[in-house]
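Understanding the architecture of this molecule
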Amino acid sequence: MTESTIAAPTPRLKRAAAPDVARGLVLIGIALANVPFFLFGTELGIALKPISDDPTDQWTNAFVAMLFDNRSYPLFALLFGYGMTQLMTREYARGASWEDTRRLLIRRNLWLIAFGAAHGALLFFGDILGPYGLLGLALVLLIRASGKVLAVVGWICFGMLVLIGAFEGLSGLFGEVGGMTTGAPFGSAAADSFGWAVLLRAGEWFVQMIGMPFGGIGLLAPMILGMWLARNHVLENPTRHLRRLGIAAGVGITVSLLGALPLALALLGAWSPSIWVEPLVTMLHAGTGALGAVGYVALIAILAGRRETPGPIGRIFAALGQRSLSGYLTQSLVFVIVFAPYAVGLGDQVGIAEASQIAVITWLGTLIVANLLAAVDKPGPAEWLLRKLVYRPRRGTVTPSSEASTAT
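Quick caveat, the model's predicted, so the values are computed rather than measured.

So, how was this worked out
Residues numbered from 1 in each chain as written. Predicted model: local features only at pLDDT ≥ 70, side-chain atom pairs only at ≥ 80, totals over all residues. Heavy atoms only, no water. Phe/Tyr/Trp six-rings, centres within 6.5 Å; stacked < 30°, edge-to-face > 60°. Helix = DSSP H or I, 4+ residues; strand = E, 2+ residues; numbered from the N terminus. Buried < 20%, exposed > 50% of the residue type's maximum accessible area, 1.4 Å probe, protein only. Core = buried A, V, L, I, M, F, W, Y, C linked by side-chain atoms within 4.5 Å. Contact = heavy atoms within 4.5 Å. Polar contact = N/O pair within 3.5 Å; in protein donor to acceptor, adjacent residues only side chain to side chain. Axes fitted to C-alpha atoms, helices over the stretch in contact; angles between N-to-C directions. Parallel < 35°, antiparallel > 145°, perpendicular 65-115°, else oblique. Left-handed = near helix turned anticlockwise from the far one by under 90°. Nonpolar A, V, L, I, M, F, W, Y, C, P; charged D, E, K, R; others polar. Salt bridge = Lys/Arg side-chain N within 4 Å of Asp/Glu carboxyl O.

1. Considering the packing of aromatic side chains
- Summed over all chains, the structure comprises ten aromatic pairs.
- A centroid spacing of 5.8 Å and a plane angle of 75 degrees characterise the contact between Phe194 and Tyr342, whose relative ring orientation is edge-to-face. On the criterion of sequence distance, the pair formed by Phe194 in helix 8 (residues 194-210) and Tyr342 in the loop between helix 14 (324-339) and helix 15 (352-375) is long-range, its members being 148 residues apart.
- For Tyr342, a relative accessible area of 24% translates into the label partly exposed.
- Put simply, the rings of Phe37, Phe38, Phe124, Phe125, Phe335 and Phe339 pair up and form one aromatic cluster.

Next up, the structure:
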């Protein structure tokens, strides 16, 4: 490999605005979606939501279900597929061969799995880095496939995503056999020592990874869509696609809200679906959530992509988006400190409304820190480490310039 073709990350100033803004914004949805799993001791209801008689908790559950649950992760998956295709395109532009590019993609996804294993065991069993890394290895097989092949695989995976959504609606069946509480299906949340929690989380994470061929394959659908968007340069040049993006935003967000309404009303106690209807409600929520993710990214592309560089508000979110790995890991670290029994121990003391406030405050904290790092042009610590591992120079090659090594 010559000096001109050495793999190196994209300089931050040359990155498209819309994907980074979207990554920064979606982290608030991920924080709100994850924080209930750090609570324990409360009975779970439909969509694995903690049951509460407090109207504030009920409205919080409904609000998060309407806007973020089953919407944030598909959006992150879409951006993941987009980023992988951009990486391949960038390497080709450097003159790299497919063999070198494939090795880079595989190496990056293997390191994501390693990061995920550490995150899953030490902080949060519901880690997405490991699953995304595993799915990323599958994407390496698809990344050069024809549009027809991607369409067929994408629709099959979308069907799986909808079908898997039924599992969130099994609370009624669990209730028939004795109920289920927060922390019960995921015992690490209630573990009374860090060592015991690590052992439990490691087991939970491993089970999640083993189940990925069925339980997580649905996320390949938005990843494949992200690959298609990257092939057509939709997010880099949104002004050329304004009409289609406008339709996607209007239809996707509207369908998403309508599809989430039955679940939100159930969480508010406005109706009580039977144990046989609950899975249908959550399937609808999951399927329309993926469409909502498309609507969200389309809207962000319209708003953030009108200029080559983001405006003042866009730069605030883009700073976190460029350091999204560090932001994501920081959320889990804060949640463990605040909620775990062996730390501050609020996991069985607060309701979902208070926990969600902590999640939002945590996201705001990561937003502030990311902008402080952006002001001095420094990557997040997790990004720095991942780049060092993925883009490590080999013998006989020239190390990439410091400017090129400052971004993923």
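2. Points about the nonpolar core
- Counting 90 residues, the largest nonpolar core has Tyr132, Leu139, Met223, Tyr328 and Phe339 as its most contacted members.
- If you tally residues by element for this core, the top one is helix 3 (residues 72-94), at eleven residues.
- Discounting chain neighbours no more than four positions away, the residues touching Phe339 are Val35, Phe38, Leu39, Phe40, Gly345, Leu346, Gly347, Val350, Ala355 and Ile358.
- In terms of nonpolar packing, the next biggest core, distinct from the first, is built from six residues, Ala47, Ala65, Leu263 and Leu267 among them.

3. Looking at the side chain of Arg23
- Here Arg23 shows up in helix 1 (residues 17-34).
- Among the polar contacts made by the side chain of Arg23, one reaches the side chain of Asp20 at a distance of 3.1 Å.

4. Comments concerning the packing of helix 2 (residues 55-67) against helix 11 (residues 242-267)
- Remark: helix 2 packs on helix 11, axes separated minimally by 8 Å, with the N-to-C direction vectors making an angle of 160 degrees. On the basis of their axis angle, the class for helix 2 and helix 11 is roughly antiparallel. The two elements helix 2 and helix 11 meet at a crossing, and its hand is right-handed. Every residue of helix 11 that contacts helix 2 at Gln58, Asn61, Ala62, Ala65, Met66 and Leu67 is listed here: Ser256, Leu257, Ala260, Leu261, Leu263, Ala264 and Leu267.
- Its residues placed into classes, the contact of helix 2 with helix 11 shows ten nonpolar, three polar and no charged.

5. Some remarks on the pattern of salt bridges
- Inspection of the entire model under this criterion finds five salt bridges.
- Two residues, Asp69 and Lys49, come together in a salt bridge whose shortest N-O distance is 2.5 Å. Remark: Lys49 occurs in the loop between helix 1 and helix 2 and Asp69 occurs in the loop between helix 2 and helix 3; sequence separation between them is 20 residues. Here Asp69 and Lys49 have matching classes, each one buried.
- In this structure, the salt-bridge partner of Arg94 is Glu91, at a minimum N-O distance of 3.5 Å. With Arg94 and Glu91 both in helix 3 and three residues apart, the pair spans about one turn of that helix.
- Since its relative accessible area comes to 2%, Glu91 is described here as buried.
- The structure contains a network of salt bridges with shared partners spanning Arg90, Glu91 and Arg94.

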